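Notes for the structure review
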Amino acid sequence: MAKKQFKTESKRLLDLMANAIYTNTDFFVRELISNASDALDKKAYLALTDAEIDNSNPFIKITVDKKNRTFTISDNGIGMNKEELEANLGTIARSGSFEFKNNLSEEETSDIIGQFGVGFYSSFMVADEITVISKKVKEEQAYRWYSRNVDGYEVKEAEKDGDGTEIILHIKANTKEKKYDDYLDSQFIQSLIKKYSDYIRYPIKMDVEVTRSTGEEGKTETVIEEKTINSMVPIWKKEAKSVKQEEYDEFYENNYYDYNKPLKTIHYKVEGNTSYSALLFIPEKAPYNFYTTDYKAGLKLYSHGVFIKDEASELISDYFRFVRGLVDSDDISLNISREILQQDYQMKALKKSIDKKVKNTLEKMLEKDREKYETFFDSFGLQLKYGAYQDYGANRDVLIDLLMFKSSFEDKYTTLKEYVSRMKEDQKEIYYACGESIEKISSLPQMEMLRDKGYEVLYFTDNVDEFMVSILMNYDGKDFRSITKGDLGLESEEEKKEMEKTVEENKDFLESIKEILKDKVQDVRLSSRLKSYPVCLVSDDGLSLDMEKVLAEMNQGMPMKANRILEINKDHELFKALQNAWNAHEDLSDYANLMYDQALLIAGFPIEDPTEYSKRLSNIMVKAIR
């Protein structure tokens, strides 16, 4: 029979199909299995109304022959006649599955996987010869379709027992760029089946070597047995109430290699404009590389039980990137090679639905199982904080009630809602303090007055915290306020009047200290917030001292400095001693600079000139000893 040319604009198009559309040559196994599954679906549908069609034992069989370099996949599905072989395999991008599906009513539509008609051509990525032998249901004659090196094709009559299709690929020889011998390795093919087609509904069989006992003590033999490789029924397709937690835990461990059991399992189905099944897990512990760029976030994507993509970040928002799991949807739009998701309304709806489910789950955990939620927050709270800060607070309302902080109220987490519920009647702001640890924050001089007045203070120990509140700005109408920034305005009217009087009486004295420290501080003031400490360092409006430290750690270009203010405790013995020294016309330079260095240390800053600090300290010690 004369060779026919492919019915496309040019051979170049076929080369493109085989070599450019698919980025991974392994995908040909997935595509051929999906096509076989489609053929079995079509036969099953026809058998519903035609008693003459035997559909009692559907199967897909894969055989590899290293000696002859062939990879063979066969099925006992609907099969193809001569016209269909020419139409479906001779015309690129014509899909028999798509046409079959379109001929069904909306109620009759079955789960046909292939819709593009190009999956078969992915075989040319790994094969230099392809033979297809097929016999259609209820027809006597079988036909053979053959093509070598995509140089046209021929169709002729053939012999075949039983209905269905057999595809024989002659695998290419190895090259420097690609080891094609892998596709002749039975164990490697089994691994591809488990990865891409484990949940195809029909058994995928292979002949595998099995070692068994001969019956004689200590003796074994290796035999070939036909085994079903795929699981067929995915756990996420089962009813949630029929699955035990131990099964979920085993699935999670086997797929995500986590020694810890998942903290929470989310298994649900959604039906509507975009229907899908989802099996999601919230881990107990963050992976070692979770907060690095090496971590690959996203969910596994399946369509009709066929694996499409790993780490599909399009399916879930970045602030929930800790969620592991998978989504299986029949409604999503894929590109022609089933590798890339198309950004359409279905994907956006799917992502929105998954985000909502995760948020609701976390909210329930927070409300019903506080201990478990706090375990989660220890591992992933930082990610929620980053999410609240990113994109200029676009996700503020989604995440704000999921955030938690330690506070001065109790040695445990509190939410912003809980904090506000405990606020004093006259309290107008949410107070917070930043530091390396709770212990260091608790010992800040500025904490004393707030404790005395019964105000609760949130402890911010993560670098992102202050960035985050600058974006959040307020909660329930209450502004966030750093206790180390500006005047807190917590004094009574009587205390304010007394302070104004003391400031006026010491105006010249304070100006002299300010003059000495003019290159280091913006101002020197008497403090209304200090109780037992002699001095402290605070910042004016604008950049805070804590933000200055964070930016310095990030080392981003020119260092940014907060407007520093030295506050002196008017009730401390040091203040009175300084007054006496000033009245006695002593030089206050050493005293003023030591006070500033003392305030730096308390605030967590390094002393700017340790050598000069040591000299000043020695001078004062000498005076005291004399």
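Because the structure is predicted, anything quoted here is derived from the model rather than measured. (Residues numbered from 1 in each chain as written. Predicted model: local features only at pLDDT ≥ 70, side-chain atom pairs only at ≥ 80, totals over all residues. Heavy atoms only, no water.)

**Quick look at the pairing of strand β17 (residues 457-460)**
Just so we agree on the cut-off: Buried residues are those whose accessible area, probed at 1.4 Å on protein chains only, stays under 20% of the maximum for their type, while exposed residues exceed 50% and partly exposed ones sit between those limits. Each helix is a run of DSSP H or I of at least 4 residues and each strand a run of E of at least 2, with the numbering of both proceeding from the N terminus. The rule for pairing is simple: two strands pair if DSSP sees at least two bridges between them.
Going residue by residue along β17, you find Val-457 and Tyr-459 tucked away on one face and Leu-458 and Phe-460 tucked away on the opposite face as well. With two bridges connecting them, strand β14 (residues 404-407) and β17 associate as antiparallel partners. Across the sheet, the residue bridging to Ser-407 is Leu-458, located in β17. The sheet contact formed by strand β16 (residues 429-434) and β17 spans four bridges and is parallel. Opposite Tyr-432, over in β17, you have Leu-458 as the bridge partner.

**A short note on the side chain of Asn-289**
For Asn-289, the position within the fold is in the loop between β10 (276-282) and β11 (299-303). Given a relative accessible area of 15%, Asn-289 falls into the buried group.

**Some thoughts on the packing of helix α8 (residues 370-393) against helix α13 (residues 464-472)**
The condition is simple: To obtain an axis, a line is fitted to C-alpha atoms, over the contacting stretch when the element is a helix, and the angle between two such axes runs from 0 to 180 degrees between their N-to-C directions. For classification, angles of less than 35 degrees are called roughly parallel, those exceeding 145 degrees roughly antiparallel, those between 65 and 115 degrees roughly perpendicular, and all remaining angles oblique. It is the rotation of the near helix from the far one that decides the hand of a crossing: anticlockwise by less than a right angle makes it left-handed, clockwise makes it right-handed. Should any heavy atoms of two residues lie within 4.5 Å, those residues are counted as being in contact. Polarity classes work like this: nonpolar for Ala, Val, Leu, Ile, Met, Phe, Trp, Tyr, Cys and Pro, charged for Asp, Glu, Lys and Arg, and polar for all others, with Gly in that last group.
Look at α8 against α13: their axes get within 9 Å of each other, and the N-to-C directions meet at 45°. One finds that α8 runs oblique with respect to α13. The element α8 and its partner α13 pack so that their crossing is left-handed. Facing Leu-382, Lys-385, Tyr-386, Ala-388, Tyr-389, Tyr-392 and Gly-393 of α8, the residues of α13 in contact are Val-464, Asp-465, Phe-467, Met-468, Ile-471 and Leu-472. The class makeup of the residues in the contact of α8 with α13 is ten nonpolar, one polar and two charged.

**Considerations on helix α18 (residues 589-603)**
We apply this condition: For a helix, the expected span equals 1.5 Å multiplied by the residue count minus one.
The terminal C-alpha atoms of α18 lie 21 Å apart, and with 15 residues this matches the ideal 21 Å at 1.5 Å per residue to within 8%. Inspection of α18 places Asp-590, Ala-592, Asn-593, Leu-594, Met-595, Tyr-596, Asp-597, Ala-599, Leu-600 and Ala-603 among the buried residues, and these make up the whole buried set. Along its buried surface, α18 packs onto α15 (507-516), β21 (535-539), α16 (545-554), β22 (564-569), α17 (573-583) and α19 (610-625).

**Observations concerning the side chain of Ser-317**
To keep things clear, this is the line we draw: By the criterion applied in these results, polar contacts are pairs of N or O atoms within 3.5 Å in which, for protein atoms, one can donate a hydrogen and the other can accept it, and in which residues neighboring in sequence qualify only through two side-chain atoms.
Here Ser-317 shows up in the loop between β12 (306-312) and β13 (324-329). Taking the relative accessible area as the measure of exposure, Ser-317 reaches 9% and is therefore buried. A polar atom in the side chain of Ser-317 sits 2.4 Å from the side chain of Asp-355. With residues up to four places along the chain from it excluded, the contact list for Ser-317 reads Lys-351 and Asp-355.

**Side note on the confidence of the model for the protein chain**
Quick note on the threshold: As a per-residue quantity, pLDDT reports the predictor's confidence and falls between 0 and 100.
Per-residue pLDDT for the protein chain averages 87, and the proportion of residues at 70 or more is 89%. Segment residues 93-98: pLDDT under 50, and 22 contacts once partners within four positions in sequence are set aside and those in other chains are kept. Across residues 106-117 the pLDDT falls below 50, and counting only partners more than four positions away or on other chains, this stretch makes 41 contacts in the model.

**Regarding the pairing of β14**
Of the strand pairs in this sheet, β14 and strand β15 (residues 413-415) are connected by three bridges, and their pairing is antiparallel. In the strand pairing of β15, Lys-406 is matched with Tyr-413. The turn linking β14 back onto β15 is made up of five residues.

**Here's the deal with the packing of aromatic side chains**
Aromatic ring pairs are reported here in terms of the distance separating the ring centres and the angle at which the planes meet. Where we set the bar: Any two of the Phe, Tyr and Trp rings considered here, Trp counted by its six-membered ring, make a pair once their centres fall within 6.5 Å; the pair's planes then place it as stacked at under 30 degrees, edge-to-face at over 60, or tilted in between. Two thresholds decide whether a charge sits over a ring: the Lys NZ or Arg CZ must be within 6 Å of the ring centre and within 35 degrees of the ring normal.
Taken as a whole and assessed by the stated rule, the structure comprises 36 aromatic pairs. Arranged with centres 6.3 Å apart and planes meeting at 25°, the rings of Phe-251 and Phe-281 form a pair that is stacked. You can see Phe-251 sitting in helix α6 (residues 245-256) and its partner Phe-281 sitting in strand β10, a full 30 residues away along the chain. As far as the burial class goes, Phe-251 and Phe-281 line up, both buried. A centroid spacing of 4.6 Å and a plane angle of 20° characterise the contact between Tyr-432 and Phe-460, whose relative ring orientation is stacked. Pair noted here: Tyr-432 is in strand β16 and Phe-460 is in strand β17, with a separation of 28 residues, a long-range link. The exposure class assigned to Tyr-432 is buried, which follows from its relative accessible area of 7%. Here the basic side chain of Arg-321 rests over the ring of Phe-290, its NZ or CZ set 5.2 Å away from the ring centre. In this arrangement the basic side chain of Lys-549 is found over the ring face of Phe-605, its NZ or CZ atom lying 5.2 Å from the centre.

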